[in-house]
Amino acid sequence: MSSFSSKIGVLLAAAGSAVGLGSIWKFPYVVGENGGGAFIILYVVFSLIFGLPLVMNDFMIGRLSGKSAYGVFRTLSGTNHWQWLSWLTMVTVTLLTSFYFVVTGWCFYYLTEAAMNTFAGMDAEGLTNFFTAFGHKPLTMIGYAFVAIVLTAAVLWFDVNKGIERLSKILMPLLFLMLIVMASHMVFLDGGTTGLKFLFEPNFSKLTPKVILEAVGLSFFTLSIGLGILITYGGYMPKEEKETLHSKEKNIVNTSIQMIALVIFISLLAGMIVFPAVFAYGFSPAEGPQLTFVTLPAVFQNMFCPTLTSVSFFALMCVAAITSTISLMEVMVAFVREASEDTKRPLNRHKSVIIVGVIQLITNSLCILSMTGSVRWLTVMDKNLFDTANNLTTDILIPIGAMGTSIFTGWFIPKARYQSSPMISFLYLLTLRWIVPVVIFIIFLESMNVFQFTIITK
Ligand code: PFF
């Protein structure tokens with residue numbers, strides 16, 4: 001059985017999974033598209049009110065069952081009725097990774113280009129054109145996504161304990177430090193205050209039910225909720241020799257709070273790097289998925305030691321992305337292994353890593369061929385596969401997965417199984433039974449215009 005060797009190892013691996021492209025690439029552009037400050041308030045509120053119980057819940061059910069997303073629901077409920085939820089998480093993770101590795105590939109591409117000093121002397125228009133030109137090179141994109149897949153698979157090949165934990169222990173603190181240094185530099189740029197105002201001054205007129213649903217989705221995406229990742233990691237948590245109910249509960253609560261605080265902090269730091277840059281150089285905050293990639297090299301031009309700074313930044317993005325892809329792929333590997341135990345031919349870790357790696361290569365290539373327009377019929381309702389996978393997972397599948405897990409623990413695990421103190425148990429059950437499912441359900445209906453509420457703003 002795989003396992004982490006220490007509490008700090010669990011925290012760093014969980015934080016490594018959570019802090020990734022979601023915070024540094026997705027958070028800024030989604031905030032930019034949805035008007036800034038008011039969206040951020042929603043994001044933080046959802047991360048605290050929903051995020052905390054859901055993160056704790058994932059850890060707890062993983063720890064209690066010692067299983068991955070495949071076996072967890074079956075083991076805890078003693079029936080097969082919940083297997084659909086296991087398969088839903090697997091579909092979601094597969095879709096999510098099929099665009100996540102693409103963007104990780106972009107990071108590697110930008111890292112190599114930054115190292116070759118390609119961005120020197122390019123203005124805003126030049127940088128936008130550079131990104132657009134890259135968007136027409138499917139083979140280059142596939143090549144870089146392939147590099148990301150192979151690197152991730154190599155870490156998983158050596159098992160969780162040695163691979164993920166060791167890597168996270170070194171890289172996470174480094175990442176944190178680099179972001180702080182960059183954010184403190186950026187806020188002093190000319191135009192930096194406008195960027196900060198955009199980020200922190202709420203403008204509620206942009207809030208619609210669809211935007212609210214996006215805030216829920218982004219919050220869950222950045223916290224790695226609803227995909228079985230923290231469930232799998234919960235199963236790897238070390239058991240203490242003299243474990244009491246109190247110490248077990250304290251461990252899970254502390255790890256969850258620390259992880260959430262770190263994610264919110266890093267997402268805000270990323271915003272504090274990107275938005276001052278956007279306003280200082282005249283980009284649009286609603287630039288979309290290319291936002292981080294076009295704006296930042298512009299800024300690096302005018303900084304001390306531009307090549308070194310841009311290389312450091314893209315190296316940091318690669319680190320953040322890889323610690324997340326490791327967790328995503330580990331969930332798939334654990335799932336494939338557990339599912340294969342139901343057959344006559346159980347698969348070992350190495351075979352499972354190869355199978356998942358090949359699936360990744362295929363799905364990522366399809367997304368790339370679709371988004372670059374190389375294969376025109378690869379679309380869903382006129383949208384390319386990259387956008388479809390990106391929006392479908394964040395705005396729909398992850399919230400449904402989170403709601404399902406919440407209902408499962410709230411209503412279907414016998415209370416005696418997860419023993420906890422009365423206070424925690426009350427708050428926890430209240431949130432999992434009622435607040436999370438009901439609120440997410442209402443937001444869903446509302447985003448489909450079922451009630452036609454209007455949000456009144458002055
Ligand atoms: N939380 C990661 C990020 O923000 O980049 C991405 C992610 C990892 C999402 C794992 C979901 C997940 F289950």
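Our structure's up above, just so we're on the same page.
Residues numbered from 1 in each chain as written. Predicted model: local features only at pLDDT ≥ 70, side-chain atom pairs only at ≥ 80, totals over all residues. Heavy atoms only, no water.

*Asks:* If you had to explain the packing of helix 6 (residues 124-134) against helix 13 (residues 291-301) to someone new, which residues and values would you point to?
*Replies:* Where helix 6 meets helix 13, the axes come as close as 9 Å, and the angle between the chain directions of the two elements is 140°. Regarding the angle of helix 6 to helix 13, the classification is oblique. Here the hand of the crossing between helix 6 and helix 13 comes out right-handed. Contacts from Leu 127, Thr 128 and Phe 131 in helix 6 reach Phe 293, Val 294, Pro 297 and Ala 298 in helix 13. Split by residue class, the contact of helix 6 with helix 13 holds 6 nonpolar, 1 polar and no charged. (Axes fitted to C-alpha atoms, helices over the stretch in contact; angles between N-to-C directions. Helix = DSSP H or I, 4+ residues; strand = E, 2+ residues; numbered from the N terminus. Parallel < 35°, antiparallel > 145°, perpendicular 65-115°, else oblique. Left-handed = near helix turned anticlockwise from the far one by under 90°. Contact = heavy atoms within 4.5 Å. Nonpolar A, V, L, I, M, F, W, Y, C, P; charged D, E, K, R; others polar.)

*Asks:* Give a detailed account of the state of the cysteines, specifying residues and quantitative values.
*Replies:* Tallied over the full model, the rule gives 0 disulfides. Cys 318 provides the cysteine sulfur closest to Cys 305, a residue in no disulfide bond, and the two sulfurs are 19 Å apart. (Disulfide = S-S within 2.5 Å.)

*Asks:* Quick rundown of the site of the ligand? Include the residues and the values.
*Replies:* The immediate surroundings of the ligand are formed by 14 residues, with Ala 18, Gly 22, Tyr 100, Phe 221 and Ile 229 found nearest. Tyr 100 places a polar side-chain atom, nitrogen or oxygen, 2.4 Å from an oxygen atom of the ligand. Phe 221 has a polar backbone atom sitting 2.8 Å from a nitrogen atom of the ligand. Within the complex, the protein chains bury 100% of what would otherwise be the 330 Å² of accessible surface of the ligand. Sorting elements by how many residues they give to the shell around the ligand places helix 2 (residues 21-33) first, with 3 residues. (Near = heavy atom within 4 Å. Polar contact = N/O pair within 3.5 Å; in protein donor to acceptor, adjacent residues only side chain to side chain. Areas by Shrake-Rupley, 256 points an atom, 1.4 Å probe, with all protein chains shown as cover.)

*Asks:* How would you summarise the environment of Phe 99 if you had to cite specific residues and measurements?
*Replies:* Looking at where Phe 99 falls in the secondary structure, it is placed in helix 5 (residues 83-115). Take Phe 99: its relative accessible area is 0%, and that puts it in the buried class. Taking the C-alpha atoms as reference points, Phe 99 and Leu 366, 267 residues apart in sequence, are found 9.6 Å from one another. Filtering out sequence-adjacent residues up to four positions away, Phe 99 remains in contact with Trp 25, Phe 221, Asn 364, Phe 386, Ala 389, Asn 390 and Thr 393. (Buried < 20%, exposed > 50% of the residue type's maximum accessible area, 1.4 Å probe, protein only.)

*Asks:* Outline the packing of helix 14 (residues 306-340) against helix 15 (residues 349-371), listing residues and values.
*Replies:* Here helix 14 crosses helix 15 at 120°, and the two axes come no closer than 9 Å. On the basis of their axis angle, the class for helix 14 and helix 15 is oblique. Relative to helix 15, helix 14 is oriented so that their crossing is right-handed. Contact residues: Met 329, Glu 330, Met 332, Val 333, Val 336 and Arg 337 in helix 14; Arg 349, Ser 352, Val 353, Val 356, Gly 357 and Gln 360 in helix 15. Among the residues forming the contact of helix 14 with helix 15, the class breakdown is 6 nonpolar, 3 polar and 3 charged.

*Asks:* Run through the nonpolar core, naming residues and quoting values.
*Replies:* Ranked by internal contacts, the top residues of the largest apolar core, which has 152 residues, are Trp 25, Trp 106 and Phe 293. Per-element tally for this core: the top contributor is helix 14, with 18 residues. In contact with Trp 106, not counting residues within four places along its chain, are Trp 25, Phe 131, Phe 134, Met 141, Pro 289, Phe 293, Met 371 and Phe 386. (Core = buried A, V, L, I, M, F, W, Y, C linked by side-chain atoms within 4.5 Å.)

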